[in-house]
Amino acid sequence: MPKATLESKLPNVGTSIFTEMSGLAVQTGAINLSQGFPEFEAPEFLKNVVNRAINQGKNQYSPSPGASDLLSEIAKLIKKQYDFSVNAANMVTVTSGATEALFVALQSIVVADDEVIIFDPAYDSYEPAVELAGGKCIHIPLLEPDYSIDWQLVAKKINSKTKAIVINTPHNPTGTLLNQQDLQNLQQIVLDHNLYLISDEVYEFITFDGQRHESVLRYPDLFERSFVISSFGKTFHCTGWKMGYCVAPEALTKEFRKIHQYVTFCSPTPFQVGIAEMLGEDSGHINELSSFYEAKRDILSNALAKSRFKILPSKGTYFLLIDYSNISDLNDRDFCNWLTKEIGVATIPLSPFYQTDPNSKVIRLCFAKNENTLTEAASRLCNL
Ligand SMILES: Cc1ncc(COP(=O)(O)O)c(C=O)c1O
């Protein structure tokens, strides 16, 4: 019997760099600062209410858009954080992680031959979602050294095929934030050209040095053409639960929900019940998240201060970029492999986040780790 073959719909996609580096970390016993997941537990209260929901039999399907208590708690959170009112019943949808929300939002708007602008370095799930919908990503590199957006270049790239722009703030992997001027430039371009916006805000509650997160939910005119996406995994240290949500105007939500119902139908009910209770509890967890991570950023960057790495500013997320050009001539992938095997610290190279390798000698460290892990990793890096 001839073996079945299949023409790949994603011929350029291989194993993700996160899987590759985490795998190498396990194999070599290296400290894993590569994949972006917290080393600490979700809040006790949240774990307890999820367990209780399971034990009380809340184990069947939720309504496809999300449990109504959770939808209304999300709307309350948005009102509190951004002073913006959304109608929970027809503008908020609970999804299985931000990944599902990104995928569904892109399927909702992209048709064959559409172009979608993304900024490199870009999170890896955007491009496959655009390609599966028949579209094509137009990659615009962020400007080094501060990884800012060249809005004039964005305006130049827009043509009759351009359908949408994807932004991510706070930004993975660079730890940068878009500012008010960026949002105003973005709004102008989106509205002038009738584009759609996918705003990936999964690190919305993790910003440092008193800087405010410029959510699209603060810009009502821009919101009219936007899907705003967040992740409870990042907010409540439970990335493995894959819980997220999408906020969009009613007409966009309607299309989004049509697709969502055939992707997952709904996200796990006990997590929805638990997260709704956690949000309702108003425990202070969200308000304290920025200072919690800022302390970790400072532990890592202070411990690396005497190393030969150059530390780049991290204004949000739980990532820190470091430049190793004083240490090695290796390219970033080879350097990360070497660092994992020989020095015992797993990190992530930046080039896989680019369409065209910028050949910069910059790698990403995740500081969502306990103090001991961060200081031990830093002391190994200081030996170089
Ligand atoms: C920028 C960005 N977007 C989306 C996601 C996916 O979030 P989730 O785990 O909720 O699917 C991540 C996770 O690392 C991320 O860093």
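Sequence order as written defines the numbering, with residues in each chain counted from 1. Thresholds applied to this predicted model are a pLDDT of at least 70 for local features of residues and 80 or more for the giving and counting of side-chain atom pairs; totals over whole chains, interfaces and linings are not thresholded and use all residues. Heavy atoms throughout the structure, all of them, feed into the side-chain values; hydrogens and water do not.

Undergrad: Describe the packing of aromatic side chains, naming the residues involved and giving the relevant values.
TA: Only centres within 6.5 Å qualify two rings of Phe, Tyr or Trp (six-membered ring in Trp) as a pair; their planes then separate them into stacked at under 30 degrees, edge-to-face at over 60, and tilted for everything else. The full count for this structure, using the stated rule, is 20 aromatic pairs. Seen in terms of ring centroids, tyrosine 61 and phenylalanine 265 are 5.9 Å apart; in terms of plane orientation they differ by 70 degrees. Their pairing is edge-to-face. Here phenylalanine 265 lies in the loop between α11 (250-263) and α12 (269-281) and tyrosine 61 lies in the loop between α2 (44-55) and α3 (68-82), a separation of 204 residues in the sequence. Exposure categories follow from relative accessible area, calculated using a 1.4 Å probe and restricted to protein chains: below 20% of the type maximum is buried, above 50% is exposed, and the middle band is partly exposed. Tyrosine 61 sits in the exposed class, given a relative accessible area of 72%. When the centroid spacing of 5.0 Å and the interplanar angle of 40 degrees are considered together, the rings of phenylalanine 232 and tyrosine 245 count as tilted. Remark: tyrosine 245 occurs in strand β8 (residues 244-247) and phenylalanine 232 occurs in helix α10 (residues 232-235); sequence separation between them is 13 residues. Assessed through its relative accessible area of 4%, tyrosine 245 is described here as buried. Counting from the N terminus, the helices are the DSSP runs of H or I reaching at least four residues and the strands are the DSSP runs of E reaching at least two.

Undergrad: Hey, could you go over the side chain of threonine 269 for me, with residue numbers and the actual values?
TA: In this structure, threonine 269 sits in helix α12. The residues touching threonine 269, leaving out its near neighbours within four places in the chain, are Lys58, Gln60, Tyr61 and Ser62. It only takes one pair of heavy atoms within 4.5 Å for two residues to be counted as in contact.

Undergrad: Talk me through the pattern of salt bridges; I want residue IDs and the actual numbers.
TA: Any Lys or Arg side-chain nitrogen located within 4 Å of an Asp or Glu carboxyl oxygen qualifies as a salt bridge. For the structure shown, the criterion picks out 12 salt bridges. For glutamate 73, the salt bridge goes to lysine 76, with nearest N and O atoms at 3.3 Å. Of this pair, glutamate 73 and lysine 76 both sit in helix α3, separated by 3 residues, roughly a single helical turn. Overall, glutamate 73 belongs to the buried group, its relative accessible area being 14%. We classify lysine 76 as exposed; its relative accessible area is 51%. For aspartate 209, the salt bridge identified is with arginine 297, shortest N-O distance 2.9 Å. Of this pair, aspartate 209 sits in the loop between β6 (196-200) and α9 (220-223) while arginine 297 is found in helix α13 (residues 285-304), placing the two residues 88 residues apart along the sequence.

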